[in-house]
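Understanding the architecture of this molecule
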Amino acid sequence: MDGNVEDFVETARNKQALNMAEMTKVDCRHIDVFYDEKQAIYDISMEIQDRAVTAFIGPSGCGKSTFLRCINRMNDTIESASVKGQIIMDGADINDPSIDPVLLRSRVGMVFQKPNPFPKSIYDNIAYGPRIHGLAAGKSELDEIVESSLRKAGLWEEVKDRLAAPGTSLSGGQQQRLCIARAIAVSPEVILMDEPCSALDPIATARIEELIDELRERYCIVIVTHSMQQAARVSQRTAFFHLGKLVEYGDTERIFTNPEDSRTQDYITGRFG
Amino acid sequence: MNSPAPNPETKGTFVTDAALKRLKKRHAAETRFKFYGQFAIAIAVLALIALLVSIISQASSAFQRNMLVFDITLNAEDVAPNGTDDPDAIARNVSGFNLLLQDSLRDQFLPEDADASETRQLFGLFTRLAVLPVAKKTAAHVDMVGTQQTVSVALADDIDLYLKGGVTERKSIDLGQVASARGAIGDGIYVSLAPGTDTSALAEAIGGFQEQSLDDSAPTTLIGIGNTWYSVTGFSSNEIALAYLAGARVAPDPSQGIRALVLAQAEANRTVSDRQIAWTMLLKDEGRIRKAFNSTLFTNADSTYPELAGTAAAIVGSLLTMLVTALLAIPVGIFAAVYLEEFAPKNRMTDLIEVNINNLAAVPSIVFGLLGAAVFINFFGMPRSVPLVGGLVLGLLVLPTVIIASRAALKSVPPSIRTAALGVGASKTQSVFHHVLPLAAPGILTGSIIGMARALGETAPLLLIGMVAFVAEVPDGPTDESTVLPVLIYKWSTGAERAWEPQTAAAIIVLLVFLVLMNLIAIILRRRFERRW
Amino acid sequence: MLETFGHLPVSWLLFAVLAAAGFVAFFIGRTSAVATAQGSTARLNSQPNYHGYFLAMATIAPAAVILILYSLFGESMVRSQLASELPQRIRDLGTMEMGQYIDRIAENSQRGPGSTTGNALFDAATGRYTSLLGLSRIIAIGLALFGAGVGFFFARRRLSVNFRARARVEDGIKLMLFLCAAIAILTTLGIVASLFFEALRFFARVPVLSFIFGTEWNAQTGADFGAIPLFFGTFMIAFLAMLVAAPIGLLSAIYLSEYASPRFRSIVKPILELLAGIPTVVYGFFALQFVAPLVRSFAVWVNSLPFTPDTLLAAQPTSALAAGLVMGIMIIPFVSSLSDDVINAVPQTLRDGAYAMGATKSETVKQVVMPAALPGVIAALLLAVSRAIGETMIVVMAAGQRAQISPDPTSDLTTITVQIVALLTGDTEFDSAKTLSAFALGFVLFIVTLLFNLIALRVVQKYREKYE
């Protein structure tokens, strides 16, 4: 185990702590995304703040998920997709060929639309990330990471007696929290959430939203959501996407009470979408 | 993710040395794993290439063969006994033609007092039945009798193989010219080489072969001077002792060229004797050995002589068998698929049929052979070795394949088509037969052809129902004794003579051509009619 | 008259007559429907054509059933009748000899009238056979015509304006479809019954235990029937084949589904499938001609190494290793395409989950995709093993005939399938222990492969349900 990795994570932390107020965590500049010939994202630039929840809203097919997947280079896994532009994170362009997507993703976690626990035990689901990145020195350290991640995700009390049970045996809401715990386990700085509640019932959704609010204290969270109420409830900043373009971006309160663009106005008042 | 190694110069906070070190290991594992996959694919592709190349290179020599040409008068008393002009009698008179050609060879090459062994060797240049095409041609043009004709017969398999470079390794050496010769044909002849030339090349070649040989037998050396061939009994650096072997019985003249032929194996270890080789060389010098396309391979039925054996009977047998197979498997398979996909109620009986069909598709083919032997032959008393039974067995064998393919094709027709037909008042049966089945037809057809291709290559079950019998005639119908191509391949591959090997490979090529054609048709059908819903 | 019928090639004639009867019935049904409709066919419950189909169906079906029964059993009935009439001295020859005698009679009879041999008894028997055959044919045709008539008569009476001809015709079609599906069941029953009963007859002569646990196999001489060496050879060769096929097939499936570009995939997949399309007899030739000599010279080379004993490997001209290697090549596409399917069935979200954690592609494959696909992969391997166990031609040509238990892969081993072919090729009598032992072996083969297949198919089904 490399103790240095923790140092590495710590330095990043300290740096953030120094200029915490209004700090920009991710700075996206002129992003274009193409699927083969078809352009899906048109010249989007935005700065995403640390220690805050940023919500991406917009009608389906507007490119908000595609844009989200740029931030941890998940689009690399799609053969036909190509991304142009710069995404600066802690002073480095993550699209630079010298940046390893594997390392990037250990710092930018992601939670998906449908809960997707690995076909392994609950424990192994959480331990998977720390194991591949070598974050734990031994069994006891790994146990600690698993427990703290599950606690942070608010799942510990429910599963502490059956850590060896398969992850798929949990209920949908629990599975999603398991996936969040899994993402937290590698101590990321950014957590991307792609409609994390779309497959869940209202009670499970409320539980996740609470969790997101708690996590905001430590992480930079970006959430794509279909539900404007959800965006209003959990986010501090909101970006409205339409037809692959960023229409409006600002404080959630302002966006929902006093939008500048007529399209945003139409969308949040339910005239389309 | 094929990312290049991180470059420390441009690192942001993303990279520390420790993480880099660990990452290096992980990326090495990644590269290794990817390489395993490429390696596995390379092995599979190489295996396929090795298989095809080895078979094609074997087969290529079988498509061409060497014919012995005669310029000969077809004497009536030899070829048309008792003055007959009945074509059938002439065609059947194989021994007459045979004697005529054998005599012509003997007159040319052997003295009156030649012993039986020599005569046998000479007559071994071609097999008796090889004259059959000549007899048939004469029978078809009776006016050829009594006239001078140019006819050609296939050389015996071993001679043919020798001419194609088989039987034994060899080396031809030019030893310059004869300076002087002494001795007589009967007692042995001594030839001195022209000044400036010596026998070192000869010694070198012999030494080379001797080193390779597993046993201690010495290589043989034959010498040709003019129209005479000798075997070497000994040699010094510029003189060679020779014993007469074949050809003109005249002593060598000065300034004639000396050709040496070093054969890696001793005479006792090969299927072609020294004399036969000498005669072959002489005939070649006369221009009487010609290469011709081996049409026998496609026109003849099976034979015990490789040079006369062909695939005609097996091809017809295969076609007849396929006909029976298609008549059984395709309609029954399609109807069964229609029933299971469109009509079957969801009950245990249907489940049973489903499980049963899936299992049947995985039952070893030889078990179907046992079924055929026990049920069709033993219980129902059907005859052995006939395409009818073979076709039935293969039909049952490919039935699950056809059913599964047809079901997949039916499944791919969207339910909206069915509801549309039902919506205008068609009955269930009408909607299936008027709308669903025609739309699924290309897929069903493709599946059926692929099933037929599988049946065409099937061997094991047919062995058990006696289709391995020797069949020398092209079958007339599905109840005639016959064999099929794959079984013929199996039988030829067990033949003892070396000449069967290229012959078998050639039959494999014929089979593969049929299979490629069938698959091409299937692919074209799929391309042409493929429909995306 | 009887003799003439015995010589005639009647089957085509019958087809023609049946088809004609069907057509006539169709037109009668159709016209009478039009007639009863009195000018307005819309009054009919079903279209006139369906009345025609119904009548044709009712006419042909009974005749067809009778003729199918006749073609299955007619000749054997004639033969047994003839056998009972033959003189005692021929009947004393035993079933096998007498069967061949009657075969010759039947063959001679089909040559046509006037093909006498000069042997009085044989010629008389031929004549008798021909007239018996003729008689049986006349009876069958008579019965068929009678059945057709009865069917036509009753069906004709049911036709009326309100008759639901279409429903009846569709019932008939459904019945026919069901019967076609049932042929698959009949085939299985036929396989099970023939193998089981022949095996029972074998075990009446040779005790089951000495068959399953005996270590000496000399079936050709009819002496020893201990099948252990055969089982050993079968599993040894299947094992060698899987050593080749499992890693190569699996790794290429993984590479093709996870790494390869669509272009590469579209080229390589058909090439792999080509391997599956090559007939096994071609693989057998390849094994015999090219791989077996290679294996042999390799074994000779190993034996000649200074640190190995000279007789370490058997170095036989045909060997288990040669057969196993080539069989492995044959099975590669089988493993790879089945594994490809199951790997592709693993949902993309699982892969995304792993990538999002920062896993590399190979880590995702090894730690997430493969564990998820494991049941399917195991099923694919089971099916491949079952294929290897049942494969015949490669082992017949390249594995050898010697029943021995030897762990040396360069020695020649024999397998269940090789022995079945050896025992049942050529002229065989159905009553000897030698022949019956082939069926006992076939029964074992069937049961073993069936078990493998059942388990594999069940696992695959469960697996599919999980991800669908």
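Just so it is clear, the model here is predicted, and its values are computed rather than measured.

1. Examining the overall build of chain A
In terms of helices and strands, chain A carries 11 helices and 10 strands. For chain A, the C-alpha atoms occupy an extent of roughly 55 × 45 × 40 Å along the three principal directions. Within chain A, the proportion of its 273 residues that are buried is 46%. A fraction of 69% describes how many contacts in chain A between residues 6 or more apart in sequence connect residues 24 or more apart.

2. Here we look at the overall build of chain C
Secondary structure summary: chain C contains 17 helices and two strands in total. Taken against the 2.2 N^0.38 rule, which gives 23 Å for 468 residues, the C-alpha radius of gyration of chain C at 31 Å runs more than 25% over that of a compact globule. Judged by the C-alpha coordinates and their principal axes, chain C covers about 90 × 70 × 40 Å. Residues counted as buried form 46% of the 468 residues belonging to chain C. If you take every contact in chain C between residues at least 6 apart in sequence, the share linking residues at least 24 apart comes to 75%.

3. What about the packing of helix α3 (residues 48–85) of chain C against helix α6 (residues 120–158) of chain C?
Residue and element names in this part refer to chain C. The N-to-C vectors of α3 and α6 enclose an angle of 160°; their axes lie 8 Å apart at closest approach. The orientation of α3 relative to α6 falls into the category roughly antiparallel. Taken as a pair, α3 and α6 cross one another with a handedness that is right-handed. When its residues are assigned to classes, the contact of α3 with α6 shows 25 nonpolar, six polar and three charged.

4. Observations concerning the sheet that holds strand β9 (residues 289–293) of chain B
Residue and element names in this part refer to chain B. On the basis of which strands lie adjacent, the open sheet formed by three strands has the order β2-β1-β9 and antiparallel pairing. Each end of this open sheet is capped by a strand with a single partner; those strands are β2 (148–154) and β9. Between one strand axis and the next, the sheet turns through 40° on average, direction left out of account. Pairing geometry for strand β1 (residues 64–73) and β9, over five bridges, is antiparallel. Across the sheet, residue Met67 finds its bridge partner in β9, namely Arg290.

5. Observations concerning the domain arrangement of chain C
For chain C, the domain assignment lists domain 1 (2–163) and domain 2 (210–463). A straight line from the C-alpha centre of domain 1 of chain C to that of domain 2 of chain C covers 48 Å.

6. Remarks on the environment of Ser427 of chain B
Note that Ser427 of chain B resides in the loop between α15 (415–423) and α16 (428–457). Each C-alpha atom, one on Ser427 of chain B and one on Ile449 of chain B, is 31 Å from the other, the two residues being 22 residues apart in sequence. Not counting chain neighbours up to four residues away, the residues in contact with Ser427 of chain B comprise Arg166 and Glu170 of chain C.

7. Quick look at the environment of Ala19 of chain C
Residue and element names in this part refer to chain C. Relative to the assigned elements, Ala19 resides in helix α2 (residues 10–37). Judged by local crowding, Ala19 falls into the exposed class, with 12 C-beta atoms found within 10 Å. In the structure, Ala19 is positioned 406 residues away from Thr425 in sequence and 40 Å away in space, judged by C-alpha atoms.

8. Points about the environment of Asp78 of chain B
All names here are of chain B. As for its placement among the helices and strands, Asp78 is situated in helix α2 (residues 76–79). Separated by 26 residues in the primary sequence, Asp78 and Leu52 have C-alpha atoms spaced 48 Å apart. Asp78 has contacts with Gly96, Leu99 and Leu100, leaving out every residue within four places of it along the chain.

9. Considerations on the interface of chain C and chain A
Taken together, the 16 residues of chain C in the interface contact 23 residues of chain A. Breaking the side of chain C that touches chain A down by element, the ones donating at least two residues are α13 (348–356) and α14 (361–390) of chain C. Top contributing element to the side of chain C that touches chain A by residue count: α13 of chain C, with six residues. Among the residues forming the side of chain C that touches chain A, the class breakdown is nine nonpolar, five polar and two charged.

10. Describing the interface of chain C and chain B
It is common to report an interface's size as the accessible area lost on association of the parts. On the side of chain B, 70 residues touch chain C, which itself brings 71 residues to the contact. The leading source of residues in the side of chain C that touches chain B is helix α7 (residues 165–205) of chain C, at 19 residues. Considered class by class, the residues forming the side of chain C that touches chain B number 45 nonpolar, 19 polar and seven charged.

11. Here's the deal with the packing of helix α12 (residues 348–360) of chain B against α7 of chain C
The N-to-C vectors of α12 of chain B and α7 of chain C enclose an angle of 60°; their axes lie 9 Å apart at closest approach. The angle between α12 of chain B and α7 of chain C places the two elements in the oblique class. Considering how the two elements wind past one another, α12 of chain B and α7 of chain C form a crossing that is left-handed. In this structure, α12 of chain B contributes Ile353, Asn356, Ile357 and Leu360 of chain B to the contact, and α7 of chain C contributes Ala181, Ala184, Ile185, Thr187 and Thr188 of chain C. A breakdown of the residues in the contact of α12 of chain B with α7 of chain C according to their chemical character gives six nonpolar, three polar and no charged.

12. Topic: unusual backbone geometry
Residues other than glycine predominantly adopt negative phi, and peptide bonds predominantly adopt the trans conformation. Residues and elements named next belong to chain A. Unlike most non-glycine residues, Arg73 shows phi in positive territory, near 55°. Mapped onto the elements of the fold, Arg73 is located in the loop between α2 (64–71) and β4 (81–89). What makes Arg73 buried here is the crowd of 22 C-beta atoms within 10 Å. Positive phi, normally seen in glycine, also occurs at Ser187, with a value near 50°. Locating Ser187 in the fold gives a position in the loop between α7 (172–184) and β7 (190–194). Under the C-beta neighbour-count criterion, Ser187 is labelled buried, with 24 such atoms within 10 Å.

13. Examining the pairing of strand β2 (residues 38–49) of chain A
Residue and element names in this part refer to chain A. Sheet analysis places strand β1 (residues 24–35) next to β2, joined by eight bridges and oriented antiparallel. In the strand pairing of β2, Val33 is matched with Ile41. Turn length for the β1-β2 hairpin, with the two strands adjacent in sequence and antiparallel, is two residues, and the turn residue Asp36 shows positive phi of about 55°.

14. Some details on the nonpolar core
Core analysis: the biggest nonpolar cluster contains 286 residues, and Ala287 and Val326 of chain C have the highest contact counts within it. The biggest single contributor to this core is helix α11 (residues 312–343) of chain B, with 19 residues. Residue contacts for Ala287 of chain C: discarding those within four places in its chain leaves Ala292, Ala322, Ala323, Val326, Ile394, Met397 and Ala398 of chain C. In terms of nonpolar packing, the next biggest core, distinct from the first, is built from 64 residues, Leu74, Phe126, Ile258 and Ala499 of chain B among them.

15. Quick look at the confidence of the model for chain A
Confidence in the prediction of chain A, expressed as mean pLDDT, is 86, and 91% of residues score 70 or more. Every residue in residues 1–5 of chain A scores below 50 in pLDDT, and together they form 13 contacts with partners more than four places removed in sequence or on other chains.

16. Structural notes on the sheet that holds strand β8 (residues 257–263) of chain B
Residue and element names in this part refer to chain B. Ordered by their spatial adjacency, six strands build a closed barrel running β3-β4-β7-β6-β5-β8, and the pairing between neighbours is antiparallel. The mean inter-strand angle of the sheet, taken between neighbouring strand axes irrespective of direction, is 45°. Pairing of strand β3 (residues 170–184) with strand β4 (residues 188–193), which is carried by six bridges, proceeds in the antiparallel orientation. From the neighbouring strand, Ala184 faces β4, where its bridge partner is Gly188.

17. Section: α3 of chain C
Its 38 residues place the ends of α3 of chain C 54 Å apart at the C-alpha level, agreeing with the 56 Å of an ideal helix rising 1.5 Å per residue. In the structure, α3 of chain C departs most strongly from a straight axis at Phe73 of chain C, where the bend amounts to approximately 45°.

18. Some points on the confidence of the model for chain C
Averaged over every residue, the pLDDT of chain C is 86; the share at 70 or more is 94%. Taken element by element, chain C is modelled with least confidence in helix α1 (residues 2–7) of chain C, mean pLDDT 61, and with most confidence in helix α9 (residues 228–259) of chain C, mean pLDDT 95.

Conventions and cut-offs
Residues numbered from 1 in each chain as written. Chains lettered and ligands numbered in written order. Predicted model: local features only at pLDDT ≥ 70, side-chain atom pairs only at ≥ 80, totals over all residues. Helix = DSSP H or I, 4+ residues; strand = E, 2+ residues; numbered from the N terminus. Buried ≥ 20, exposed ≤ 12 C-beta atoms within 10 Å, placed from the backbone. Contact = placed C-beta atoms within 7 Å. Rg over C-alpha atoms; globule rule 2.2 N^0.38 Å. Axes fitted to C-alpha atoms, helices over the stretch in contact; angles between N-to-C directions. Parallel < 35°, antiparallel > 145°, perpendicular 65-115°, else oblique. Left-handed = near helix turned anticlockwise from the far one by under 90°. Nonpolar A, V, L, I, M, F, W, Y, C, P; charged D, E, K, R; others polar. Pairing = 2+ DSSP bridges. Domains from an automatic or database assignment. Core = buried A, V, L, I, M, F, W, Y, C linked by C-beta atoms within 7 Å. pLDDT = per-residue confidence, 0-100. Expected span 1.5 Å × (residues − 1). Bend = angle between axes of the 7 residues up to and from the residue.

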